[in-house]
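# Structure at a glance
Read off the chains here:
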Amino acid sequence: MEAKGGYWGKILRVNLTTGEIKVEPLPEEFPRKYLGGVGFGTRLLYDEVPAKVDPLGPENKMIITPGLFVGTGIGTGSKTAFNFKSPLTGGYGRSMAGAKMGEELKKAGYDILIIEGKSEEPVLLVIEDDNVKLVPANEYWGLTTGEARKKAKEEYPGFATAFIGPAGENLSLISIIDTDERQAARGGPGAVLGSKKLKGIVVKGTKKIPIAEPEKLRELIKKWALVFKDHPATKADMEYGSGEFLDWMNRERGTFPTRNWQMGFFKKAYEKAKEEGREHIYIDPYYWAPKYRVGRRPCPLCNKPCSQYVKVESEKWGTFMVDGPEYETLYSFGGVLEIDDFETVAYLNYLADELGLDTISAGVTIAWAMEAYERGLLTKEEADGLELTFGNGEAAVEALKKMAYREGNLGKLLADGVKRASERLGRGSEKFALHVKGMEPPAYDVRGIKGMALAFAVNVRGADHLTSGAYGTELVGKWWKFEGVDRTKGENKGFEIAFHENLMAIYDATGTCKFSRHMYFLEGFPELVEAVTGMNIGEAELMVIGERIMNIARAFNVREGFGRKDDTLPYRIMWEPIPEGPSKGLHVPPWELDRMLDEYYQARGWSRDGIPTKAKLMALDLPDIADDIGAGI
Ligand code: SF4
């Protein structure tokens with residue numbers, strides 16, 4: 001292998017149907033072509049999960065790929081990718097988490113873990129260096145993620161863990177994998193493990209990850225630690241977490257979706273606080289972080305932790321501890337449900353983590369149910385007697401519990417996310433079901449952030465903010481090499497979004513947290529990659545790797561039948577302008593989206609139908625994929 005460090009050259013493969021466990025060599029060309037993390041995962045997913053397989057059947061796989069920097073000590077190099085065919089969208093699935101288990105997997109001597117097949121009975125996968133076994137997990141089945149983690153920590157002290165909760169067991173399409181209180185959340189990875197009857201994974205490794213140039217790496221780690229320490233964003237992130245910019249999103253930009261996206265501004269919370277300042281907005285971390293934070297539980301080896309671990313002693317909800325709601329959850333259990341009580345938002349966050357549900361998808365689905373209820377489309381009887389009105393925290397808590405267990409009429413209706421729920425209910429409720437390709441959107445009212453609207457529409461895994469990470473560039477108007485970006489106009493967005501996606505794929509391949517993208521720019525990566533692997537890969541080649549990864553992900557979806565018709569937006573985003581606030585009047589009509597799609601496909605070198613061309617795929621050294629799906633001659 002060309003690389004002198006960073007890789008073991010080993011794939012651990014576990015077949016749950018046969019019980020076979022084997023170690024295979026990492027293909028020679030993988031490090032230079034795909035780097036690691038999501039790069040390895042995307043390529044393997046394309047190669048090993050053929051078109052049209054049932055995402056909840058034995059043919060689907062869970063491919064776990066720690067980023068290249070994981071375990072090396074590089075600041076925020078903490079992310080592990082969980083790659084799978086998404087049961088939520090039917091397409092490419094990938095979920096990232098600051099998972100301790102990724103680091104342990106590498107220390108155990110593996111670059112990649114592939115889980116395939118399906119067990120008849122609940123099992124736990126135990127990995128301790130070269131010792132790998134499947135053990136019965138009947139006593140774990142039915143436990144919440146927290147209960148399972150606690151039990152595993154007693155039985156396997158010193159091991160990192162990953163568990164699904166009841167929602168994953170019950171095959172909820174919006175269920176997660178919890179990895180020591182960090183969540184691989186989006187696209188239904190919990191249901192994939194649930195369908196395989198794999199309750200969890202515990203991992204411990206004792207090997208030293210090979211590093212090509214250890215001395216140089218030590219110096220670089222020190223250099224970047226100082227950059228992080230002195231950066232103004234570090235202090236804000238550490239004091240208030242990712243919700244730090246909530247007030248700005250809400251009051252300055254008017255792009256904080258509220259009441260199931262009926263509004264782009266959480267008016268109720270602000271009216272209550274009147275002129276008293278953001279410390280009196282109860283879901284704003286300026287209020288809750290100093291009051292409730294008792295510590296931090298960051299991703300492994302993070303040197304700018306955004307984690308706000310809180311202890312809540314609530315009259316309504318009892319005492320509980322949770323890693324405090326991050327920005328997306330302040331929206332999904334706060335703004336979009338119009339709940340402005342921090343303790344309730346935190347409790348919903350705690351429950352979702354314990355039950356194993358994606359906070360974004362679950363919140364947006366409940367918000368849809370609240371709107372349906374208030375419009376008289378969902379009756380009280382159909383809502384299992386709940387008064388499912390906006391702002392009703394008690395009803396939201398009950399709905400969430402029901403979703404995880406598919407309990408009652410409401411649980412069955414909501415368990416699989418908003419697309420399925422609106423199809424089940426009908427009655428015109430599809431018009432206010434917020435999703436792209438079946439995935440519920442995060443906390444950016446893209447009617448007022450046009451580049452992000454395009455990013456939602458073309459996103460390979462549905463409406464997410466992380467594949468492009470372009471919301472900051474759009475909202476501030478500049479970032480790194482980008483200047484003069486106008487969020488209110490749907491022009492010049494094609495290149496911007498394609499470039500952001502390619503660059504973010506490098507973060508995901510190396511496992512670098514995107515909260516450090518104001519510190520590490522593209523120029524920061526080559527020296528780190530070289531110190532870890534010994535491979536001299538410049539900025540231009542890194543961007544080609546990012547582009548290659550994005551094209552393979554797109555090819556995976558094309559093979560499943562996705563194309564331009566699926567690169568669309570929810571009805572509300574296209575047809576209902578933001579009614580008031582700083583982004584009043586903005587929306588993304590279909591003609592504007594169409595123009596942005598043309599621009600994007602052109603920037604990508606794809607056909608007008610959104611299919612990667614043979615020429616582009618050949619240029620990216622993907623001849624087999626060019627043969628499979630490439631457009632043109
Ligand atoms: S900044 Fe936050 S999300 Fe990123 S690695 Fe650190 S703790 Fe994890």
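Here's what I pulled together on the structure shown here.

How each quantity is defined
Residues numbered from 1 in each chain as written. Predicted model: local features only at pLDDT ≥ 70, side-chain atom pairs only at ≥ 80, totals over all residues. Heavy atoms only, no water. Helix = DSSP H or I, 4+ residues; strand = E, 2+ residues; numbered from the N terminus. Rg over C-alpha atoms; globule rule 2.2 N^0.38 Å. Contact = heavy atoms within 4.5 Å. Axes fitted to C-alpha atoms, helices over the stretch in contact; angles between N-to-C directions. Parallel < 35°, antiparallel > 145°, perpendicular 65-115°, else oblique. Left-handed = near helix turned anticlockwise from the far one by under 90°. Nonpolar A, V, L, I, M, F, W, Y, C, P; charged D, E, K, R; others polar. Polar contact = N/O pair within 3.5 Å; in protein donor to acceptor, adjacent residues only side chain to side chain. Pairing = 2+ DSSP bridges. Core = buried A, V, L, I, M, F, W, Y, C linked by side-chain atoms within 4.5 Å. Buried < 20%, exposed > 50% of the residue type's maximum accessible area, 1.4 Å probe, protein only. Near = heavy atom within 4 Å. Phe/Tyr/Trp six-rings, centres within 6.5 Å; stacked < 30°, edge-to-face > 60°. Lys NZ or Arg CZ within 6 Å of the ring centre and 35° of its normal. Expected span 1.5 Å × (residues − 1). Salt bridge = Lys/Arg side-chain N within 4 Å of Asp/Glu carboxyl O.

## A few points about the overall build of the protein
Each helix and strand counted, the protein has 26 helices and 15 strands in total. For 633 residues, the compact-globule estimate of 2.2 N^0.38 gives 26 Å, and the C-alpha radius of gyration of the protein, at 23 Å, lies within 12% of that figure. Seen through its C-alpha atoms, the protein measures out along the principal axes to roughly 60 × 55 × 50 Å. Sequence-distant contacts in the protein: of pairs separated by 6 or more residues, those separated by 24 or more amount to 68%.

## Quick notes on the packing of helix 14 (residues 359-374) against helix 15 (residues 393-405)
At a closest axis distance of 11 Å, the pairing of helix 14 and helix 15 adopts a crossing angle of 120 degrees. Comparing their axes, helix 15 and helix 14 come out oblique. Read as a crossing pair, helix 14 and helix 15 show a hand that is right-handed. Note on element contacts: helix 15 touches helix 14 through Ala 396, Ala 399, Leu 400 and Met 403, opposite Ala 362, Thr 365, Ile 366 and Met 370. Classifying every residue of the contact of helix 14 with helix 15 gives seven nonpolar, one polar and no charged.

## Describing the environment of His 587
Tracing the chain through its elements places His 587 in the loop between helix 23 (571-575) and helix 24 (590-604). C-alpha separation for the pair His 587 and Ala 453, spaced 134 residues apart in sequence, amounts to 9.4 Å. Setting aside residues no more than four positions away along its own chain, His 587 makes contact with Arg 447, Lys 450, Ile 573, Met 574, Trp 575, Glu 576, Pro 577 and Glu 592. A polar contact is formed between the side chain of His 587 and the backbone oxygen of Met 574, at a distance of 2.7 Å.

## Considering the sheet that holds strand 13 (residues 293-295)
Here three strands make up an open sheet; going across it, the order is 13-14-15 and the pairing antiparallel. Strands with a single pairing partner mark the edges of an open sheet, and in this sheet they are strand 13 and strand 15 (318-323). The average undirected angle you get between the axes of adjacent strands in this sheet is 30 degrees. Here six bridges tie strand 14 (residues 309-314) to strand 15, and the two strands are oriented antiparallel to one another. Across the sheet, the residue bridging to Tyr 309 is Asp 323, located in strand 15. Against the sheet, helix 13 (residues 342-355) touches strand 14 and strand 15, its axis set at about 70 degrees to strand 15.

## Brief notes about the sheet that holds strand 3 (residues 62-66)
Strand order in the open sheet formed by six strands is 2-1-6-3-4-5, and the pairing between neighbours is mixed. Taken across any chain shown, the strands that pair with only one partner, and hence form the sheet edges, are strand 2 (21-25) and strand 5 (92-97). Averaged over neighbouring strand pairs, the angle between their axes works out to 20 degrees when direction is ignored. Alignment of strand 1 (residues 10-15) against strand 6 (residues 112-116), held across five bridges, turns out to be parallel. Paired with Arg 13 across the bridge in strand 6 is Ile 114.

## A few points about the nonpolar core
The nonpolar side chains of a soluble globular protein tend to be buried, and buried together. Leu 337, Trp 368, Leu 388, Leu 400 and Leu 569 are the most contacted members of the largest nonpolar core, which has 104 residues in total. At ten residues, the largest contribution of residues to this core is made by helix 14. Other than its neighbours up to four places away in sequence, Leu 388 contacts Ala 369, Met 370, Tyr 373, Leu 378, Ala 383, Ala 395, Ala 399 and Leu 410. Formed by 66 residues, the second largest nonpolar core is a distinct cluster that contains Ile 112, Met 519, Tyr 520 and Met 550.

## Here we look at the site of the ligand
Around the ligand sit Ser 78, Lys 79, Arg 182, Pro 298, Cys 299, Cys 302, Lys 304, Pro 305, Cys 306, Cys 513 and Phe 515, and those are all the residues in its vicinity. In the shell around the ligand, the residues fall into seven nonpolar, one polar and three charged.

## Quick look at the environment of Glu 343
Within the secondary structure, Glu 343 is located in helix 13. Spatially, the C-alpha atoms of Glu 343 and Trp 317 are 7.9 Å apart, while their sequence positions differ by 26 residues. Those residues in contact with Glu 343 that sit more than four places away from it in its chain are Tyr 292, Val 312, Glu 313, Ser 314, Trp 317 and Phe 320. Among the polar contacts made by the side chain of Glu 343, one reaches the side chain of Tyr 292 at a distance of 2.7 Å. A distance of 3.3 Å separates the side chain of Glu 343 from the side chain of Ser 314, its partner in a polar contact.

## Side note on the packing of aromatic side chains
Remark: the centre distance and the inter-plane angle together describe each pair of aromatic rings, the angle taken between the planes. Taken as a whole, this structure holds 34 aromatic pairs when the rule is applied. Considering the side-chain rings of Phe 30 and Phe 40, the 5.4 Å spacing of their centres and the 40 degrees angle between planes classify their relative orientation as tilted. Residue Phe 30 is located in helix 1 (residues 30-34), and its partner Phe 40 is located in helix 2 (residues 37-48); the two are separated by ten residues in the primary sequence. Both residues of the pair, Phe 30 and Phe 40, count as buried. Aromatic side chains Tyr 600 and Tyr 601 sit 6.1 Å apart centroid to centroid with 65 degrees between the ring planes, which places their arrangement in the edge-to-face category. Residue classification places Tyr 600 among the buried positions, given a relative accessible area of 1%. A cation over a ring is seen here: Arg 297 above Tyr 309, with NZ or CZ 4.0 Å from the ring centre. One residue, Arg 559, lies across the ring of Tyr 46, its end atom 3.9 Å from the ring centre.

## Comments concerning helix 13
Structural remark: α-helix, 3.6 residues per turn; residues separated by three or four positions point the same way. Taking 1.5 Å of rise per residue, the 14 residues of helix 13 would be expected to cover 20 Å, and the 20 Å separating its terminal C-alpha atoms lies within 8% of that figure. Burial runs high along helix 13: 13 of the 14 residues are buried. Regarding helix 13, its N-cap is Asp 341, as a side-chain oxygen of that residue lies 3.1 Å from the backbone nitrogen of Glu 343 further along. Following helix 13 by one or two positions, Gly 356 has its phi on the positive side, about 90 degrees.

## What about helix 18 (residues 450-458)?
With nine of nine residues buried, helix 18 lies mostly within the body of the structure. Taken together, the buried positions of helix 18 are Lys 450, Gly 451, Met 452, Ala 453, Leu 454, Ala 455, Phe 456, Ala 457 and Val 458. Close packing links the buried residues of helix 18 with helix 19 (471-476), helix 20 (494-510), helix 22 (539-559) and helix 24.

## Re the pattern of salt bridges
Under the definition given, this model contains 65 salt bridges. Across the pair Arg 406 and Asp 416 runs a salt bridge, and its minimum N-O distance is 2.8 Å. In this pair, Arg 406 is assigned in the loop between helix 15 and helix 16 (408-414) and Asp 416 in the loop between helix 16 and helix 17 (417-425), connecting sequence segments ten residues apart. For Arg 406, a relative accessible area of 27% corresponds to the partly exposed category.

Scope: geometric values only; no functional claims are made or implied.
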